[in-house]
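# Remarks on the overall topology
Spelled out, the chains give:
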Amino acid sequence: MLRFSLYRMVVLLCVAIMLYTVYRWCRILFGPGPESDGRQFQHTCNMTEHYRQELERLFERVHRLLEQHGLTHFLCYGTLWGQIRMAKMLPWREKAEFCVLNEELMRHEEARFIRNFYASELRIHYLHSEGIYRIFAQESTAQHAPPYVELVVFQLDEVQGMYKRIGWKRRLLPPNCDWTPSLDCFPHNLLQGTLPKRPLGHHHHYTVPMGGIELQKYHYPDSWWKEVKVRNCNLQ
């Protein structure tokens with residue numbers, strides 16, 4: 001009978017971590033780029049206008065709660081693309097994102113922070129591996145998968161002068177921004193000063209980082225300048 005001692009468990013854990021690290025390094029160094037074949041630029045506008053309106057309402061509710069907590073939050077990822085391209089949520093997306101700062105979140109008691117969302121009839125849970133809060137409306141009327149909002153948490157690395165994604169799976173990788181693209185680093189000066197506000201959706205304005213599209217140059221270094229190809233869609 002195979003017996004597991006503490007020593008063997010530690011050895012197996014170390015081997016697993018080493019294999020995962022080698023795999024991630026191979027993906028970084030030799031794997032194809034995320035846009036290498038262009039298929040990621042093909043989108044079908046399969047979300048209804050009702051779905052997009054519900055997503056925008058949920059986004060505004062989350063925005064108001066974050067304002068009540070005094071938390072810096074700004075458009076990023078696909079939601080920032082929607083603001084830049086058409087001042088609305090992109091019609092093929094099922095979610096929207098705010099980016100938030102870990103040093104500000106740490107000043108709040110997490111249990112009270114979460115209770116405030118539930119008190120506003122919003123469901124929220126934290127994905128520890130990704131460093132993301134995911135939020136749903138309790139009364140969603142969507143017929144299929146409901147829309148949701150993600151709070152993507154970034155931490156300032158003062159040595160590098162960069163903001164980096166948190167989450168335990170990234171702690172297994174090198175902390176240098178140039179070596180680990182999944183950290184989604186961007187320079188801290190994009191959040192300095194009074195951040196501008198830009199329109200998104202019906203009569204709402206939200207904070208964006210300095211330079212607008214500058215953030216996308218860091219999060220989409222291989223594709224930020226490319227034209228998005230869509231089907232069954234009018235982006236005007």
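This structure is a prediction, so every number in the text was calculated from the model and none was measured. (Residues numbered from 1 in each chain as written. Predicted model: local features only at pLDDT ≥ 70, side-chain atom pairs only at ≥ 80, totals over all residues. Heavy atoms only, no water.)

### Things to note about the state of the cysteines
Just so we agree on the cut-off: By convention in this document, the label disulfide applies to cysteine sulfur atom pairs within 2.5 Å. Helical segments are the DSSP runs of H or I of at least four residues, strand segments are the runs of E of at least two, and each set is numbered from the N terminus. Relative accessible area decides the class of each residue, using a 1.4 Å probe on protein chains only: under 20% of the type maximum gives buried, over 50% gives exposed, and in between gives partly exposed.
The final tally for this structure, using the stated rule, is two disulfides. In this model Cys76 forms its disulfide with Cys99; the gap between the sulfur atoms is 2.2 Å. Taking the torsion about the sulfur-sulfur bond, which here is approximately 100°, the covalent link between Cys76 and Cys99 counts as right-handed. Of this pair, Cys76 sits in the loop between β2 (73–75) and α3 (77–86) while Cys99 sits in strand β3 (residues 95–101); the two residues are 23 residues apart in sequence, bridging distant segments of the chain. The buried category is assigned to Cys99, whose relative accessible area is 0%.

### As for the confidence of the model for the protein
Heads up, the rule is: One confidence number per residue, pLDDT, is output by the predictor and ranges from 0 to 100. Should any heavy atoms of two residues lie within 4.5 Å, those residues are counted as being in contact.
Chain-level pLDDT for the protein is 85 on average; 85% of the residues reach the 70-or-more range. The spread of mean pLDDT over the elements of the protein runs between strand β1 (residues 42–44), the lowest at 64, and β2, the highest at 98. Scored below 50 in pLDDT, residues 28–41 shows 15 contacts in the model against residues more than four places distant or in partner chains.

### Focus on the packing of helix α2 (residues 49–68) against helix α5 (residues 110–119)
A packed helix pair is summarised by two numbers, namely the angle formed by the two axes and the spacing between the axes. The cut-off we apply is this: To obtain each axis, a line is fitted to C-alpha atoms, and for helices this fit is confined to the stretch in contact; angles are then taken between N-to-C directions over 0 to 180 degrees. Throughout, the term roughly parallel applies to angles under 35 degrees, roughly antiparallel to angles over 145, roughly perpendicular to angles from 65 to 115, and oblique to all others. Two helices that cross are described as forming a left-handed crossing if the nearer one is turned anticlockwise from the farther one by less than a right angle, and a right-handed crossing if clockwise. Gly counts as polar in this scheme, as do all residues outside two lists: the nonpolar Ala, Val, Leu, Ile, Met, Phe, Trp, Tyr, Cys and Pro, and the charged Asp, Glu, Lys and Arg.
For the pair α2 and α5, interaxial distance at closest approach is 11 Å and the crossing angle is 140°. Regarding the angle of α2 to α5, the classification is oblique. Taken as a pair, α2 and α5 cross one another with a handedness that is right-handed. Between α2 and α5, the residues in contact are Val62, Leu65 and Leu66 and Phe113, Asn116 and Phe117, respectively. Taken together, the residues of the contact of α2 with α5 break down into five nonpolar, one polar and no charged.

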